[in-house]
Amino acid sequence: PFSVNNPRGQAWASTMMPNERGSDVSGEPSLSLRHGIKPGEACVREVAAFILDTGGFAGVPVTGMVECSHSKFMYHDRRIVPKIGSLQTFVPNIGPAEDFSSRRFSISEVHKIAILDMRLLNCDRNGANLLVRQREKKVKEKG
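Residues numbered from 1 in each chain as written. Predicted model: local features only at pLDDT ≥ 70, side-chain atom pairs only at ≥ 80, totals over all residues. Heavy atoms only, no water.

Once that is clear, we can look at the pattern of salt bridges. Applying the stated rule across the entire model yields three salt bridges. Across the salt bridge formed by Glu109 and Lys112, the nearest N and O atoms sit 3.1 Å from each other. Residue Glu109 and its partner Lys112 are both found in helix H2 (residues 107–120); the two are separated by three residues, about one turn of the helix. For Lys112, a relative accessible area of 23% puts it in the partly exposed group. For Arg125, the salt bridge is made with Asp117, and the minimal N-O distance between the two is 2.9 Å. (Salt bridge = Lys/Arg side-chain N within 4 Å of Asp/Glu carboxyl O. Helix = DSSP H or I, 4+ residues; strand = E, 2+ residues; numbered from the N terminus. Buried < 20%, exposed > 50% of the residue type's maximum accessible area, 1.4 Å probe, protein only.)

In this fold, Gly127 is placed in the loop between H2 and strand S5 (131–132). In this structure the C-alpha to C-alpha distance between Gly127 and Glu98, which are 29 residues apart in sequence, comes to 4.3 Å. When residues no more than four places from it in sequence are discounted, the contact partners of Gly127 are Pro96, Ala97 and Glu98. (Contact = heavy atoms within 4.5 Å.)

All right, on to helix H1 (residues 42–52) then. For H1, the full list of buried residues reads Cys43, Val47 and Ala49. Viewed end-on, H1 has its buried residues packed into an arc of 155°, placing them on one side of the element. (Arc of directions from axis to C-beta.)

Our focus in this paragraph is the confidence of the model for the chain. In this model, the chain carries a mean pLDDT of 78, and residues with pLDDT of at least 70 account for 71%. Overall, residues 18–28 carries pLDDT values under 50, and its contacts beyond four positions in sequence, including any with other chains, amount to 16 contacts. (pLDDT = per-residue confidence, 0-100.)

An ideal rise of 1.5 Å per residue puts 20 Å on 14 residues; H2 measures up with 20 Å between its terminal C-alpha atoms. Buried within H2 are the following residues: Ile113, Leu116, Asp117 and Leu120. Around the axis of H2, the buried residues are gathered within 100° of arc, so they sit on the same side. Turned more than 90 degrees away from the buried face of H2 sit Ile107 and Met118, all of them exposed. (Expected span 1.5 Å × (residues − 1).)

As structure tokens, this is what we get:
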């Protein structure tokens, strides 16, 4: 089993980045790439998506908030700092939705994603952040 980790302090422009310190080239605090979402909050939103995906309606993989510590997680002064972030079950896929024709997706599946996005106030849905799983083959019974 595999999983995917999204550390809270590793987001672009996060003040928790050991090398960037959350500032732009002028030294001024950086703005988020998306208005209203602070750098480093994506992991919280991922956990919220799992919690709000009642009964797996939209297929959000199991996701939780975790703390990880490792000797490689250190700042320039060699302090080992635990990382907090989301951990999500890896789901085997055949690629992002943008690589496939829209005919591949049923209206009901598209509606499930749309309903989840409305519940999450997600304004970032695009073909690159929606993965496609292999369709299960139907077995015909001999009769």
